[in-house]
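The primary structure of each chain is shown beneath.
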Amino acid sequence: MRSDNYTLYGIHEASDRYLLMGYFSLISLSSLIEDSLILVGSLHYNAIKQNKVLVVFIQYLAVANFVMNFTSIMPGLASLAADGWFFGDIFCYFNYIAYTTGSQAINILTASLALTKLLTVQYPLRAPSFTKRSAHWATLGIWLYSSIFPLAAFLKDKQGVYFSYLYYICSYSCTLGNVWTPLGHATYSIAVGLSIFIGTSVTIVSSILLLIIVKRENGRFKLQGLSMVLATVAFHILFSAPIGLAFVV
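Quick summary incoming for the structure in this document.

## What about the nonpolar core?
In this structure, Tyr 96, Val 161, Tyr 168, Cys 170, Tyr 172 and Tyr 188 are the most contacted members of the largest nonpolar core, which totals 25 residues. At five residues, the largest contribution of residues to this core is made by helix H4 (residues 89–122). Setting aside anything within four residues of it in sequence, one finds Val 161 in contact with Met 1, Arg 2, Cys 92, Tyr 93, Tyr 96, Phe 154, Cys 170, Ser 171 and Tyr 172. If you look at the next biggest cluster of nonpolar residues, it comprises 22 residues, including Ile 48, Val 55, Ile 108 and Ala 135.

## Some details on H4
Counted at 1.5 Å a residue, the expected span for H4 with its 34 residues is 50 Å, and the 50 Å between its end C-alpha atoms agrees. Most of H4 is tucked away, with 27 of its 34 residues classed as buried.

## Focus on unusual backbone geometry
Even without being glycine, Asp 83 reaches a positive phi, approximately 55°. Assignment of secondary structure puts Asp 83 in the loop between helix H3 (52–82) and H4. Here Tyr 168, not a glycine, exhibits a phi torsion of approximately 60°, which is positive. You can see Tyr 168 is positioned in the loop between strand S1 (161–164) and strand S2 (169–172).

## Remarks on the packing of H3 against helix H5 (residues 132–156)
It is the contact of H3 with H5, at a shortest axis distance of 8 Å, that shows an interaxial angle of 30°. Between H3 and H5, the crossing angle belongs to the class labelled roughly parallel. Here H3 and H5 pass one another in a crossing that is right-handed. Of the residues in H5, those in contact with Lys 52, Val 53, Val 56, Phe 57, Tyr 60, Ala 64 and Val 67 of H3 are Lys 132, Ala 135, His 136, Thr 139 and Trp 143. Among the residues making up the contact of H3 with H5, the classes are represented as eight nonpolar, two polar and two charged.

## Things to note about the environment of Val 192
Note on placement: Val 192 falls in helix H6 (residues 182–217). Taking the C-alpha atoms as reference points, Val 192 and Gln 104, separated by 88 residues in sequence, lie 9.2 Å from one another.

## Side note on the pairing of S2
Across four bridges, the pairing between S1 and S2 is antiparallel. Bridge assignment links Tyr 162 to a residue of S2, and that residue is Ser 171. In textbook terms, the turn of a hairpin is the stretch between consecutive antiparallel strands, and for S1 and S2 this stretch comprises four residues, one of which, Tyr 168, has a positive phi near 60°.

## What to know about the packing of aromatic side chains
Centre-to-centre distance and the angle between the planes together describe a pair of aromatic rings. Tallied over the entire structure, the rule returns 14 aromatic pairs. Ring geometry for Tyr 96 versus Tyr 99: centroids 6.4 Å apart, planes at 80°, classification edge-to-face. Separated by three residues within a single helix, Tyr 96 and Tyr 99 lie in helix H4, roughly one turn from each other. Looking at Tyr 96, the relative accessible area reads 1%, which means it is buried. One aromatic cluster is present, formed by Trp 85, Phe 86, Phe 87, Phe 91, Phe 94, Phe 163, Tyr 165 and Tyr 168 through successive ring pairs.

## Some words on the pattern of salt bridges
Taken as a whole, this structure holds one salt bridge when the rule is applied. Note that Arg 17 and Asp 83 form a salt bridge whose closest N and O atoms lie 3.5 Å from each other. Remark: Asp 83 occurs in the loop between H3 and H4 and Arg 17 occurs in helix H2 (residues 14–43); sequence separation between them is 66 residues. Overall, Arg 17 belongs to the buried group, its relative accessible area being 8%. Taking the relative accessible area as the measure of exposure, Asp 83 reaches 18% and is therefore buried.

## Here's the deal with the side chain of Ser 146
Structurally, Ser 146 can be placed in helix H5. Ser 146 sits in the buried class, given a relative accessible area of 0%. A distance of 2.7 Å separates a polar atom in the side chain of Ser 146 from the backbone oxygen of Ile 142. Other than its neighbours up to four places away in sequence, Ser 146 contacts Thr 101, Gln 104, Ala 105 and Ile 108.

The rules behind each value
Residues numbered from 1 in each chain as written. Predicted model: local features only at pLDDT ≥ 70, side-chain atom pairs only at ≥ 80, totals over all residues. Heavy atoms only, no water. Core = buried A, V, L, I, M, F, W, Y, C linked by side-chain atoms within 4.5 Å. Buried < 20%, exposed > 50% of the residue type's maximum accessible area, 1.4 Å probe, protein only. Helix = DSSP H or I, 4+ residues; strand = E, 2+ residues; numbered from the N terminus. Contact = heavy atoms within 4.5 Å. Expected span 1.5 Å × (residues − 1). Axes fitted to C-alpha atoms, helices over the stretch in contact; angles between N-to-C directions. Parallel < 35°, antiparallel > 145°, perpendicular 65-115°, else oblique. Left-handed = near helix turned anticlockwise from the far one by under 90°. Nonpolar A, V, L, I, M, F, W, Y, C, P; charged D, E, K, R; others polar. Pairing = 2+ DSSP bridges. Phe/Tyr/Trp six-rings, centres within 6.5 Å; stacked < 30°, edge-to-face > 60°. Salt bridge = Lys/Arg side-chain N within 4 Å of Asp/Glu carboxyl O. Polar contact = N/O pair within 3.5 Å; in protein donor to acceptor, adjacent residues only side chain to side chain.

Everything listed here is a matter of geometry and, on its own, says nothing about what the molecule does.
Quick look at the structure:
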């Protein structure tokens, strides 16, 4: 599997790699614990007292986090320990497709969670019209849409997949395989960037409006539900932002 310039991008000091390994291990462990509690609590004990559509989105966010953990953070930890990629070409292809799909899905699911909460607060009488069935179908559409970009890139030119010493996971570049035209490269990059920008913008705007509602209501509303959604949104933004940046770059 080809890679970028180790001299330029690699982490040459073992102590620096160990420090990053400790940091990402902490993120991985905390995410696994949180997501496990969410899934067990919501599926078995019905512990999340939220609108049923919001619960579905929260559950799928937990699933997406599991995907990111096992396809991005854990392979990245192994690569940091070995100071390179040793899983082979096939798993590198899978690594790229899985983590980019998961990153995009988290971005859109987070936006959907924040926007749905905003709509249920602003239009409470219409909230019952949002069904779990529609949430499941919407999530399926989100996962299918999120897989379009990495699958299209891979099918167009799998030689563009490479191991990145900048992120210590497999990434993709339109310029490696000499298959993409400049227009195709620009179109692909703009489409990916625009998709992530729209999802992030919806999340931020919806969260700001929810915060305004919290301040305006001053304790007279169900602020516990709002706080949980805002905390979930904040966590997933922090969790997926570095990997999402790797997708864009």
